[in-house]
Amino acid sequence: MSERPTPDLTILETRVYRGANVWSYEKAIHLVVDLGVLEKFPTNTIPGFTDNLLEMLPGLRQHSCSRGRRGGFVERLNEGTWLGHVAEHTALALEQVVGHDIRRGKTRQVKGRPGVYNVIYGYADEQVGLAAGRLAVRLVNHLVEADPEFDWEAELESYILRAERTAFGPSTQAILDEAVSRDIPWLRLNQHSLVQLGHGAHAKRIRATMTSETSSIAVDIASDKDLTTTLLGAAGLPVPKQEMMRSVDQAVRAAERIGYPVVLKPLDGNHGRGVILDNENEADVRAAFEIAKAESRRGIVLVESQIVGKDYRCLIIDGRMAAIAERVPASVTGDGTSTVEQLVELANADPRRGVGHEKVLTRIKVDEAAVQLVRDQGFALDDVPPEGTTVKLALTGNMSTGGISIDRTLEAHPENVEIAEEAARMIGLDIAGIDFICPDITEPVRETGGAICEVNAAPGFRMHTHPTIGEPQFIAKPVVDMLFPPGAPSRIPIVAVTGTNGKTTTSRMISHIFKGMGRKVGMTSTDGVVIDERLLIRSDASGPRSARMVLQNPRVDFAVFEVARGGILREGLGYERNDVAVVLNVQPDHLGLRGIDTVEQLADVKAVLVEAVPRDGHAVLNADDPLVREMRRRCSGQVVWFSMEEPGSETRDMIDAHCRRGGKALVLEPSERGEMIVVKHGRREMQLAWTHLLPATFSGRARMNVQNSLAAAAAAFAAGAPLHDIRQGLRTFSTNYYLSPGRLNEVDVDGVNVIVDYCHNAPGMKMLGDFVDRVGESLESSHELARPSRIGIIATAGDRRDQDMVELGHIAAQHFDVVVVREDTQLRGRERGEVSVLVAEGVRAAMAEGTRCKQLEVVVDELDAVRHALSRANRGDLVVVCVDKHAEVMAELESWSHQAQPGSGANADSPAADPDYAPAPTEG
């Protein structure tokens, strides 16, 4: 019996990329799906699949797919394509159903896993995109084999309602579209309409049509209709007679004083709710009072003279008229055959009408008030109005109650425009909706009669951007002009640093340089989030969420982000692009995790930063690393090289050729006095600093920090820093605890030289070992009687491969006389003692080869290992501690120093006196 297709398509893993990532330059959703038995069944082998799919989602007919022409995807369906690919296009089509014009997607098989595919597609709203992916998989399975519990119409409606709940309103969306057209970045701050435009110190906020420039006092005034009328009347502007009442009897007496007909409205209502017109007598007032009072938060009702005329909304932005619309209350016109109820259904069938602010028009709602209004006009819902007879269903012209709008922007009389602008200025609103009631907006209201009946804060834009009749007005432009005048910046410079080793130190160097220039620097690293040299969060903050935290901070005018491999794979970058990308090196570490098995794949991940460089940006690349050197092909901007190679090498020849073409580079020039960092730009060469005079380089012996200094200087130069500021920054940056905790911190413990560093992988151990050799030689030359010993305390994280752990031990044994192997507190999936066994295996293998190490000891606990190493060290010896809990180790060293020298003061670089000193938790 032949095998049959069964609905086996399942989602194994879901990732949301919120910025550039390994799959796309823009944000995307990544589904890892397993086809199961469906791997054997392309679409052309499943009867009726393509026809049913196109019937349910006809928008798929427009998809071009890889064919590059409309209908290309249908061709692929008919020829036969795999269902992972179908799920991708189905998710895109579902997003398009709710108005998200997303067309980016790709599907690729997971290497070495038959039937498992990476499905990647773009999204506009994260929750909608995820829901589209889940529904797409369910729909594909349903089309393979009908599921009696799967109701397509109900599922689609539920999905659309979900999208409507999270969608921006038309006013917010109009402002965002204008901002995007000007390359202004934005961040959604909640699930409603609170949005940040711009980054850091340049950021502005909007909530619907209220902005960060909107006066709170002005909003309060506009919310108090009585106070608004009083202020406008005092300014000589036309307003209706009005009195504020708390009881129905007071309202009746006020109506008699003002004169019928009157309008009753809640003091602090909005959207026309509770506004009752045409109150001709006491009975009308008593009935209307209760309705209006129910909509007032303070239980106060306004009674005002009814102004006869048409309803106009004047939109004032930044003191100037931006648009005027005539608002027509919801109504239907009889055709001589349909009932009122049927006419409402026909009107609501208009595809332009939707629920709430979903579409350009709102569906007409038939509630008790509408039924009564129809009855007052002599009809019932099941009556047939004569042909041409208009039946009102609402008294007010609000769009939210089903009304329509007619654009009158170019028709308004200048005097009326002046009155509206003056009203906005009197209230103090930056964006105001002035409601005019007058016979004709084209005639002066002072002559024809009319008045301002209301001033609205946060007025809706829908009636102006999508009028039912007339030309749409592009009113988002003056809003964005007000928030970001021409020439005003909206972005802050972003420098992003990645690499296998040296990221944190380089990030700190760059931050230190720009702090010295007076910039308010926001920095993320594995130590935490630092804003203007104040530590806000102590954790591993090298991921995208921490980057977004910095971009939201209103003090920050310069950002430096350490970007780790894990964050890129998990969520992508936390921002759209970086002005300067720094790639230090790519070496075998973290392999075997999240599908990254080779160093070449790791290079592809770190190259995401280079791909995020804009045309006017820079990529600072290590010319000495072949994998980093290849990244130049992915950069849209300029490349700035840095290199430690000597003149005459192949790398230096490449750099010289680059500079002759006008490029930039930082190199080392050796001389009898030492090594000089030289900045090359075109044919110019500028000396920057001697490496042996930079504190972080330990007189040039810490070669890793010589390289980090080159990278930091190159990044600062690319970001526009003057050379003298770069020089000063490097000369004042040291590896003490306060500037660079856990990075070559030097402590003197009763004559024992202790170096504390976060070294945790084999490539890092090679660089640390080179430093140990150089420092050891210096110590040996100063001790004539006995050669100082070198003691190393080493460990690595449990999520490394077995061979990486063995290699770490093998390398360490080549540089230390005694190796003490310990373990981290977090084992990351390993059993206690397993990591130390593997590391020790590498040490023993090196000892068998006759390397420097003569003694191996295993002390699993970190603090016990530190105590053990110090107890066996003599004055003049060198102890290197590769730490996990840096703060606890530094406190132990301080304690040990006090025990050795009772009554002595703390070492200058020790954090013992720091009240905030605490271990850093591990993120993720």
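Analysis parameters
Residues numbered from 1 in each chain as written. Predicted model: local features only at pLDDT ≥ 70, side-chain atom pairs only at ≥ 80, totals over all residues. Heavy atoms only, no water. Helix = DSSP H or I, 4+ residues; strand = E, 2+ residues; numbered from the N terminus. Contact = heavy atoms within 4.5 Å. Areas by Shrake-Rupley, 256 points an atom, 1.4 Å probe, with all protein chains shown as cover. Lys, Arg positive; Asp, Glu negative; His and termini not counted. Charge placed at Lys NZ, Arg CZ, Asp CG, Glu CD. Core = buried A, V, L, I, M, F, W, Y, C linked by side-chain atoms within 4.5 Å. Buried < 20%, exposed > 50% of the residue type's maximum accessible area, 1.4 Å probe, protein only. Axes fitted to C-alpha atoms, helices over the stretch in contact; angles between N-to-C directions. Left-handed = near helix turned anticlockwise from the far one by under 90°. Pairing = 2+ DSSP bridges. Salt bridge = Lys/Arg side-chain N within 4 Å of Asp/Glu carboxyl O. Expected span 1.5 Å × (residues − 1). Disulfide = S-S within 2.5 Å. Phe/Tyr/Trp six-rings, centres within 6.5 Å; stacked < 30°, edge-to-face > 60°. Lys NZ or Arg CZ within 6 Å of the ring centre and 35° of its normal. Parallel < 35°, antiparallel > 145°, perpendicular 65-115°, else oblique. Nonpolar A, V, L, I, M, F, W, Y, C, P; charged D, E, K, R; others polar. pLDDT = per-residue confidence, 0-100. Polar contact = N/O pair within 3.5 Å; in protein donor to acceptor, adjacent residues only side chain to side chain. Patch = residues over 30% accessible without salt bridge, like charges linked within 9 Å, V, L, I, M, F, W, Y side chains within 5 Å.

The next subject is the overall build of the protein chain. A count of helical and extended segments in the protein chain gives 30 helices and 38 strands. With respect to the principal axes defined by its C-alpha atoms, the protein chain has extents near 115 × 85 × 55 Å. Considering only contacts within the protein chain whose residues lie at least 6 apart along the sequence, 66% involve residues at least 24 apart. When the accessible surface of the protein chain is totalled, it reaches about 39,100 Å², and 48% of it is carbon and sulfur. For the protein chain, the separation between the mean place of its 103 positive charges and that of its 130 negative charges on side chains is 4 Å.

Turning next to the nonpolar core. Core analysis: the largest hydrophobic core is formed by 49 residues, its most contacted members being F561, L573, Y575 and L621. Per element, the largest residue contribution to this core is four residues, and it comes from helix α20 (residues 599–606). Setting aside its immediate chain neighbours within four residues, L621 contacts V583, V610, V628, M631, R632, V639, V640, W641 and F642. Counting residues in hydrophobic clusters, the runner-up holds 47 residues, among them V33, Y121, Y123 and V128.

Turning our eyes to something else, we now look at the packing of helix α3 (residues 83–97) against helix α5 (residues 152–166). When two helices pack together, you describe them by how their axes are tilted relative to each other and by the distance separating the axes. With their axes 10 Å apart at the nearest point, α3 and α5 run at an angle of 60 degrees to one another. You can see that α3 and α5 cross each other, and the crossing is right-handed. Where α3 approaches α5, its residues L94, E95 and V97 are matched on the opposing element by W152, L156, Y159 and I160.

Now for the sheet that holds strand β24 (residues 528–531). Strand order in this open sheet of 11 strands is β25-β24-β23-β26-β22-β27-β28-β29-β30-β31-β32, and the pairing throughout is mixed. Pairing within the sheet leaves two strands with one partner each, and these edge strands are β25 (534–537) and β32 (684–690). Across the sheet, the axes of successive neighbouring strands diverge by a mean angle of 20 degrees, strand direction being ignored. Sheet topology places strand β31 (residues 674–681) next to β32; six bridges connect them, and they run antiparallel. When the bridges of β32 are listed, M676 appears paired with W690.

This part takes up the pattern of salt bridges. For side chains of opposite charge, pairing can occur when their charged atoms come near one another. Using the criterion set out here, one finds 66 salt bridges in the structure. D770 is the partner of R774 in a salt bridge, and the nearest nitrogen-oxygen pair spans 2.9 Å. Taken as a pair, R774 and D770 lie in helix α26 (residues 762–782) at a separation of four residues, close to a single helical turn. Residue D770 is classed as partly exposed on the basis of its relative accessible area, which comes to 28%. Through salt bridges with shared partners, a single network forms among R18, E126, R545, R548, R570 and E571.

The next thing to look at is helix α24 (residues 703–718). The end-to-end C-alpha distance of α24 is 23 Å, a good match for the 22 Å that 16 residues give at a rise of 1.5 Å each. Of all 16 residues that make up α24, 16 are buried, and the element is covered over most of its length. Positive phi shows up at G720, right after α24, with a value of about 100 degrees.

Residue P261 is bonded to the preceding Y260 through a cis peptide linkage, with omega at -5 degrees. By the element assignment, P261 lies in the loop between α9 (248–258) and β10 (262–266). A positive phi angle is found at D278, which is not glycine, with a value near 55 degrees. Among the residues examined, D278 registers a relative accessible area of 38% and is labelled partly exposed. Phi at D532 is positive, roughly 50 degrees, even though this residue is not glycine.

The next point concerns the state of the cysteines. The tally for this structure, following the rule as stated, stands at zero disulfides. Looking at C635, it has no disulfide partner, and the nearest cysteine sulfur is the one in C659, 15 Å off. Since its relative accessible area comes to 13%, C635 is described here as buried. For the unlinked cysteine C882, the closest cysteine sulfur is that of C759, found at 4.6 Å.

Let us look at the environment of A91. Mapped onto the elements, A91 comes out in helix α3. The class of A91 is buried, set by a relative accessible area of 0%. Expressed as a C-alpha distance, the spacing of A91 and G133, which sit 42 residues apart in the sequence, is 5.1 Å. Apart from the residues within four sequence positions on either side, A91 is in contact with Y121, A132, G133 and A136.

What follows deals with the packing of aromatic side chains. Scanning all chains against the criterion turns up six aromatic pairs. Ring geometry for Y737 versus Y738: centroids 5.1 Å apart, planes at 75 degrees, classification edge-to-face. Judged by its relative accessible area of 48%, Y738 falls in the partly exposed class. When the ring centre of F168 is taken as origin, the NZ or CZ atom of R188, which lies over that ring, is 4.0 Å away.

Before going further, it helps to examine the packing of helix α27 (residues 802–813) against helix α28 (residues 834–848). As a packed pair, α27 and α28 sit with axes 7 Å apart at the nearest point and diverge in direction by 45 degrees. By the angle between their axes, α27 is oblique relative to α28. The interaxial crossing formed by α27 with α28 has right-handed handedness. Where α27 abuts α28, its residues D802, M805, V806, L808, G809, H810 and A813 lie against V835, L838, V839, E841, G842, V843, A845 and A846. The residue makeup of the contact of α27 with α28, split by class, is 10 nonpolar, three polar and two charged.

Scored by pLDDT, the protein chain comes out at a mean of 90, with 96% of its residues at no less than 70. Across residues 901–924, confidence stays below pLDDT 50; counting only partners more than four residues off in sequence or on other chains, it has 49 contacts.

Taken across its eight residues, strand β20 (residues 431–438) has eight buried, putting it largely inside the fold. The alternating pattern of β20 places I431, G433, D435 and I437 on one face and A432, I434, F436 and C438 on the opposite face, and all of these are buried. Inspection of the sheet shows strand β13 (residues 310–317) paired to β20 by eight bridges, in the antiparallel sense. Of the residues in β20, the one forming a bridge with Y312 is F436. Here β20 pairs with strand β21 (residues 451–457) via six bridges, running antiparallel. Across the sheet, residue F436 finds its bridge partner in β21, namely I452.

In this section: the sheet that holds strand β33 (residues 745–749). Ordered by their spatial adjacency, six strands build an open sheet running β33-β34-β38-β35-β36-β37, and the pairing between neighbours is mixed. Lying at the two open borders of the sheet, with one neighbouring strand each, are β33 and β37 (855–858). Averaged over all adjacent pairs, the angle separating strand axes in this sheet is 20 degrees, with direction ignored. Across the sheet, α26 is in contact with β34 (752–757), β35 (790–794) and β38 (878–882); its angle to β38 comes to roughly 165 degrees. Sitting on the sheet, helix α29 (residues 862–872) is in contact with β34, β35, β36 (818–821), β37 and β38, with an inclination near 175 degrees to β35.

What follows concerns the side chain of E675. The topology assignment puts E675 in strand β31. Within the structure, E675 has its side chain in polar contact with the side chain of R703 (distance 2.8 Å). In this structure E675 touches L668, E669, P670, A689, W690, T691 and R703, once residues within four positions along its chain are discounted.

On the surface, a cluster of nonpolar side chains totalling about 230 Å² of accessible area is made up of L536, I537 and M549. Locating L536 in the fold gives a position in strand β25.

What follows deals with the side chain of N585. Residue position: N585 is located in the loop between β27 (580–583) and α20. Within the structure, the side chain of N585 is placed 2.9 Å from the backbone nitrogen of T500, a separation counted as a polar contact. Within the local environment of N585, its side chain forms a polar contact with the backbone nitrogen of N501, the two atoms lying 3.0 Å apart. Setting aside its immediate chain neighbours within four residues, N585 contacts G499, T500, N501, K606, D625, V628 and Q707.

Given 3.6 residues to a turn, an α-helix orients residues that are three or four positions apart in the same direction. Its 15 residues give α28 an end-to-end C-alpha distance of 21 Å, which sits within 8% of 21 Å, the value for a rise of 1.5 Å per residue. Where α28 is concerned, the buried positions are V835, S836, L838, V839, A840, G842, V843 and A846. One or two positions beyond α28, positive phi appears at G850, with a value near 85 degrees.

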